Amino acid sequence: QVQLVESGGGLVQAGGSLRLSCAASVSTFSIRVMGWYRQAPGKQRELVADISSGGSTNYKDSVKGRFTISRDNVKNTVYLEMNMLKPEDTAVYYCKVRTWGPSDYWGQGTQVTVSS
């Protein structure tokens, strides 16, 4: 069982920045992929970005050039640096990890609100 603890959400004005963190209860070497998803009211949950154990990254088109995902294998943590935030980025952001099992685990979610 993998537990994930997220932090870093909040309220920010358009154009501002936030950094989300997600700490895993196991070594990131046990994890194949770490990612961030988001879900806005009335919409389906969608992938924002993910990063593989080898460091390969994948981004949703609308966040490319604004968001950066990274992982710290010493701290067992994945980060999402979000810059130039837009009101349409408003959502609950969830951390997800996929182990080598494979099994998927989700964080509890953190609210990001971008005001115009």
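Residues numbered from 1 in each chain as written. Predicted model: local features only at pLDDT ≥ 70, side-chain atom pairs only at ≥ 80, totals over all residues. Heavy atoms only, no water.

Enquirer: Please explain the sheet that holds strand β3 (residues 18-24) as it appears in this structure.
Expert: What links the strands of a sheet is backbone hydrogen bonding, and the strands pair in either a parallel or an antiparallel sense. In space, the four strands of this open sheet follow the order β1-β3-β8-β7, with antiparallel pairing throughout. A single partner strand is all that each edge strand has here, and the edge strands are β1 (4-7) and β7 (67-72). With direction set aside, neighbouring strand axes in the sheet form an average angle of 15°. Two elements, β1 and β3, share four bridges in a ladder whose sense is antiparallel. Within β3, the position partnered with Val-5 by the bridge is Ala-23. (Pairing = 2+ DSSP bridges. Helix = DSSP H or I, 4+ residues; strand = E, 2+ residues; numbered from the N terminus. Axes fitted to C-alpha atoms, helices over the stretch in contact; angles between N-to-C directions.)

Enquirer: Mind showing me how you'd approach the side chain of Asp-50 here?
Expert: Relative to the elements of secondary structure, Asp-50 occurs in strand β5 (residues 46-52). Among buried charged residues, Asp-50 stands out as having no salt bridge; its nearest opposite-charge side chain is Lys-96, 7.4 Å away. Ignoring any residue separated from it by four or fewer positions in sequence, one finds Asp-50 in contact with Val-33, Met-34, Gly-35, Ser-56, Thr-57, Asn-58 and Ile-69. (Buried < 20%, exposed > 50% of the residue type's maximum accessible area, 1.4 Å probe, protein only. Lys, Arg positive; Asp, Glu negative; His and termini not counted. Salt bridge = Lys/Arg side-chain N within 4 Å of Asp/Glu carboxyl O. Contact = heavy atoms within 4.5 Å.)

Enquirer: Which parts of the structure should I look at to understand the pairing of strand β8 (residues 77-82)?
Expert: It is a general feature of regular strands that their side chains alternate between the two faces of the sheet. Most of β8 is tucked away, with five of its six residues classed as buried. Here six bridges tie β3 to β8, and the two strands are oriented antiparallel to one another. Looking at the pairing, Ala-23 lines up with Thr-77 of β8. Across six bridges, β7 lies against β8 in antiparallel orientation. For Ser-70, the partnering residue across the bridge sits in β8 and is Tyr-79. Between β7 and β8, which pair antiparallel one after the other, the connecting turn spans four residues, and Asn-76 there sits at a positive phi close to 55°.

Enquirer: Whenever I open this one, the packing of aromatic side chains confuses me. Can you help?
Expert: Given two aromatic rings, one states the distance between the centres and the angle between the planes to describe the pair. Taken as a whole and judged by the stated rule, the model has two aromatic pairs. Ring centres of Tyr-37 and Trp-106 lie 5.0 Å apart, and the angle between their planes is 65°; on these two criteria the pair is classed as edge-to-face. With a gap of 69 residues between them, Tyr-37 in strand β4 (residues 31-39) and Trp-106 in strand β10 (residues 104-106) connect regions that are remote in the sequence. Residue classification places Tyr-37 among the buried positions, given a relative accessible area of 18%. Judged by its relative accessible area of 37%, Trp-106 falls in the partly exposed class. Summarising the aromatic geometry, the rings of Tyr-94 and Trp-106 are spaced 6.4 Å apart at their centres and angled 85° between planes, so their arrangement reads as edge-to-face. Of this pair, Tyr-94 sits in strand β9 (residues 91-99) while Trp-106 sits in strand β10, and the two are twelve residues apart along the sequence. Pairwise contacts between aromatic rings join Tyr-37, Tyr-94 and Trp-106 into one cluster. Directly above the ring of Tyr-94 sits Arg-45, whose terminal nitrogen or CZ lies 3.7 Å from the centroid. (Phe/Tyr/Trp six-rings, centres within 6.5 Å; stacked < 30°, edge-to-face > 60°. Lys NZ or Arg CZ within 6 Å of the ring centre and 35° of its normal.)

Enquirer: I keep staring at the side chain of Ser-21 and nothing clicks. Help me out?
Expert: The topology assignment puts Ser-21 in strand β3. When near neighbours in sequence (up to four residues on either side) are disregarded, Ser-21 contacts Val-5, Glu-6, Ser-7, Trp-36, Thr-77, Val-78 and Tyr-79.

In short, shape yes, function no, at least from these values alone.
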